[in-house]
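The primary structure of each chain is shown beneath.
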Amino acid sequence: MGKRILLVVAGGIAAFKTPDLVRRLRERGASVRVVLTDGGAQFVTPLTLQAVSEDKVYRDLWSLTDESEMGHIQLSRSADVILVAPATANILARMAHGLADDLATTVLLATDKPVIVAPAMNVRMYEHPATQANLALLAARGVTIIGPDDGAMACGEFGPGRMSEPLSIAAHLADWFTGQAGPKPLAGRHALVTSGPTHEPIDPVRYIANRSSGKQGHAIAAALVALGARVTLVSGPVALPDPAGATVLHVESAREMLAACEGALPADIVVAAAAVADWRVADAAGQKLKKDGGALPSLTLAENPDILATLSKPGPERPALVVGFAAETNDVLAYAQAKLARKGCDWILANDVSPATGTFGGDRNLIHLIRQGQSPETWPDLPKMEVATRLAAEIASHFEFENGKK
Ligand code: C5P
């Protein structure tokens, strides 16, 4: 997201999740500077936050050194947005009533930037009319509220009050940033994106899978949403939150993925980023296979449908632009060129997934974009989020160019 976030960490048990939150925000390209309250420092150390943010952690309103280097007013303006996480009942009350009795609340009162809060507290404290009134007041003043989630709490009670997971807060911020600004060149276009692995059942409890994390496909769906496209994301099993603004269809097997894609047509754009299993077990057992000491079971495989090739077939419903991926471990360009021809798609993004690159499950990707009939274009090694933004921009300019020809 390439934005500057001032993270205010207040004193709740959920503060222990903030080093992970800082990482999640930074992996989306944001820079993070932390203000830690005294209460927050009971749950997470300044040194930890300094290490993960790679920036100084600010704590003291009365520090002469801090004030001379970066005054509290300057600190409050140094970011694009202020995120309060965890936002305790206490800090929400102080924000609602305009108190400025420590560095965090002074910065929050002095800022001219948007403020986002992720509440976290005991369920009774959250449901208390005082807290609800404070949240309503803050929302009416334009503060964005993320969460809280329902669930078991550190205090042993159950209900709303858990801070949203760091991944989900980071996704919200990324969507919030993209929703804020920018042209929408893909408005009116429908994009279908596949993402993640597929699971091919062996029996009701076992399956064949692969190491795809879905990070690249999900990032592409979010980047297309950001440019105004209506996005349908067909996702295999992944540990990622649904990108905001996309319609997400969750599937398990390749055949389910194909059916979901066909059901989502017509589309203008297809990006097939899923790592679809090439084979499934021909006769998946209806009951769990037993280890009975006899002959070892053997699996007979059957070929899965090729979703990309199916969607690329010429016909009235063929999407105008079909983009595939080619994950290769060697001879990347040659194999990718051959794949482009074999699948019948328009563009291929080829990437090297040999184990040394760390691409599968990692956060970066080195891409070669090969367009039908053109020589390959090699992109620099980029975070997956930036690969997604760049691809979405290429797709938008393709449609602008095609429109210009008409
Ligand atoms: O043939 P291969 O798996 O290397 O091709 C990769 C590309 O084809 C990716 O875009 C992938 O999403 C797509 N694919 C597909 N259905 C399959 C196999 C691959 O859509 N069964």
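Residues numbered from 1 in each chain as written. Predicted model: local features only at pLDDT ≥ 70, side-chain atom pairs only at ≥ 80, totals over all residues. Heavy atoms only, no water.

### Points about the sheet that holds strand 17 (residues 321-328)
Within a beta sheet, neighbouring strands are joined by backbone hydrogen bonds and run either parallel or antiparallel to one another.
Turning to step 1, where the next piece is worked out: Across the sheet, 8 strands lie side by side as 13-12-9-14-17-18-20-21; this open sheet has mixed pairing. The open sheet has two edge strands with one neighbour each: strand 13 (247-250) and strand 21 (377-378).
Turning to step 2, where the next piece is worked out: Each of strand 9 (190-195), strand 12 (230-235) and strand 13 is contacted by helix 11 (residues 254-264), which is oriented at about 175° to strand 9, the strand it contacts most.
Turning to step 3, where the next piece is worked out: Its contacts with the sheet put helix 13 (residues 332-343) on strand 17, strand 18 (347-352) and strand 20 (367-371), and the angle it makes with strand 18 is roughly 150°. (Pairing = 2+ DSSP bridges. Helix = DSSP H or I, 4+ residues; strand = E, 2+ residues; numbered from the N terminus. Contact = heavy atoms within 4.5 Å. Axes fitted to C-alpha atoms, helices over the stretch in contact; angles between N-to-C directions.)

### Here's the deal with the packing of helix 5 (residues 89-96) against helix 6 (residues 103-110)
Turning to step 1, where the next piece is worked out: Remark: helix 5 packs on helix 6, axes separated minimally by 10 Å, with the N-to-C direction vectors making an angle of 40°. Judged on the interaxial angle alone, helix 6 and helix 5 are oblique. Of the two possible hands of crossing, helix 5 and helix 6 adopt the one that is right-handed. Across the interface between the two elements, Ile-91, Arg-94 and Met-95 of helix 5 pack against Ala-104, Thr-105 and Leu-108 of helix 6.
Turning to step 2, where the next piece is worked out: Class assignment of the residues belonging to the contact of helix 5 with helix 6 gives a composition of 4 nonpolar, 1 polar and 1 charged. (Parallel < 35°, antiparallel > 145°, perpendicular 65-115°, else oblique. Left-handed = near helix turned anticlockwise from the far one by under 90°. Nonpolar A, V, L, I, M, F, W, Y, C, P; charged D, E, K, R; others polar.)

### Thoughts on the site of the ligand
Turning to step 1, where the next piece is worked out: With respect to spatial proximity, the complete set of residues near the ligand consists of Ala-272, Ala-274, Val-276, Pro-305, Asp-306, Ile-307, Leu-308, Gly-324, Phe-325, Lys-339 and Lys-343.
Turning to step 2, where the next piece is worked out: Take Ala-272: an N or O atom from its main chain is 2.6 Å from an oxygen atom of the ligand.
Turning to step 3, where the next piece is worked out: Its free accessible area being 440 Å², the ligand has 86% of it covered by the protein chains.
Turning to step 4, where the next piece is worked out: Only helix 12 (307-312), strand 17 and helix 13 provide two or more residues apiece to the shell around the ligand.
Turning to step 5, where the next piece is worked out: Residue composition of the shell around the ligand, grouped by class: 7 nonpolar, 1 polar and 3 charged. (Near = heavy atom within 4 Å. Polar contact = N/O pair within 3.5 Å; in protein donor to acceptor, adjacent residues only side chain to side chain. Areas by Shrake-Rupley, 256 points an atom, 1.4 Å probe, with all protein chains shown as cover.)

### Side note on the environment of Val-32
Turning to step 1, where the next piece is worked out: Position of Val-32 among the secondary structure elements: in strand 2 (residues 31-36).
Turning to step 2, where the next piece is worked out: Using a relative accessible area of 3% as the deciding quantity, one classes Val-32 as buried.
Turning to step 3, where the next piece is worked out: Excluding anything up to four places from it in sequence, Val-32 contacts Ile-5, Leu-7, Val-22, Leu-25, Arg-26, Ser-53 and Asp-55. (Buried < 20%, exposed > 50% of the residue type's maximum accessible area, 1.4 Å probe, protein only.)

### Quick look at the sheet that holds strand 6 (residues 144-145)
Turning to step 1, where the next piece is worked out: Read from one edge to the other, the open sheet built from 6 strands follows the order 3-2-1-4-5-6, with strand pairing classed as parallel. Edge positions in the open sheet fall to strand 3 (57-58) and strand 6, since each of these has one partner strand only.
Turning to step 2, where the next piece is worked out: Strand contacts of helix 2 (residues 46-53): strand 1 (4-9), strand 2 and strand 3, with the helix running at about 170° to strand 2, the strand carrying the most contacts.
Turning to step 3, where the next piece is worked out: The sheet contacts of helix 5 involve strand 1, strand 4 (81-87) and strand 5 (115-119), and relative to strand 4 the element is tilted by about 140°.

### Observations regarding the nonpolar core
Turning to step 1, where the next piece is worked out: Counting residues in each nonpolar core, the largest one holds 33 residues, and the members touching the most others are Leu-186, Leu-224, Val-271 and Ile-395.
Turning to step 2, where the next piece is worked out: Of all elements in the fold, only strand 9, helix 10 (215-226), strand 12, strand 14 (269-272), strand 17, strand 18, strand 20 and helix 14 (384-405) reach the threshold of two or more residues within this core.
Turning to step 3, where the next piece is worked out: Of all the elements, helix 14 adds the most residues to this core, at 7 residues.
Turning to step 4, where the next piece is worked out: Here Val-271 is in contact with Leu-192, Val-193, Thr-194, Ile-220, Leu-224, Val-323, Phe-325, Leu-391 and Ile-395, once residues within four sequence places are set aside. (Core = buried A, V, L, I, M, F, W, Y, C linked by side-chain atoms within 4.5 Å.)

### Remarks on the side chain of Asn-304
Turning to step 1, where the next piece is worked out: By the secondary structure assignment, Asn-304 is in the loop between strand 16 (301-303) and helix 12.
Turning to step 2, where the next piece is worked out: Of the polar contacts made by the side chain of Asn-304, one reaches the side chain of Glu-200; its length is 3.3 Å.
Turning to step 3, where the next piece is worked out: In this structure the side chain of Asn-304 is engaged in a polar contact, spanning 2.8 Å, whose partner is the backbone oxygen of Ala-277.
Turning to step 4, where the next piece is worked out: What Asn-304 contacts, discounting residues up to four positions off in sequence, is Glu-200, Ala-254, Arg-255, Ala-277, Asp-278, Trp-279 and Arg-280.

### A short note on the packing of helix 1 (residues 18-27) against helix 2
Turning to step 1, where the next piece is worked out: Two elements in contact, helix 1 and helix 2, have axes separated by 9 Å at closest approach and are oriented at 10°. Here helix 2 runs roughly parallel to helix 1, going by the angle between their axes. Listed contacts from helix 2 to Thr-18, Pro-19, Val-22 and Arg-26 of helix 1 are Thr-48, Leu-49, Val-52 and Ser-53.
Turning to step 2, where the next piece is worked out: Its residues assigned to classes, the contact of helix 1 with helix 2 comprises 4 nonpolar, 3 polar and 1 charged.

### Comments concerning the domain arrangement of the protein
Turning to step 1, where the next piece is worked out: When cut into domains, the protein gives domain 1 (4-181) and domain 2 (190-405).
Turning to step 2, where the next piece is worked out: Centre-to-centre, using C-alpha coordinates, domain 1 lies 36 Å away from domain 2.
Turning to step 3, where the next piece is worked out: Contacts between the two partners involve 7 residues from domain 1 and, on the opposite side, 6 residues from domain 2.
Turning to step 4, where the next piece is worked out: Taking both partners together, domain 1 and domain 2 bury about 600 Å²; carbon and sulfur atoms supply 64% of that area.
Turning to step 5, where the next piece is worked out: Its largest share of buried area at the contact with domain 2, domain 1 owes to Glu-27, Leu-167 and Asp-175, together 55% of the area lost on that side.
Turning to step 6, where the next piece is worked out: Across the contact surface, domain 1 and domain 2 share 0 salt bridges.
Turning to step 7, where the next piece is worked out: On the surface where domain 1 and domain 2 come into contact, there are 0 residue pairs in polar contact (both at pLDDT 80 or more). (Domains from an automatic or database assignment. Buried area = accessible area lost by both parts, 1.4 Å probe. Salt bridge = Lys/Arg side-chain N within 4 Å of Asp/Glu carboxyl O.)

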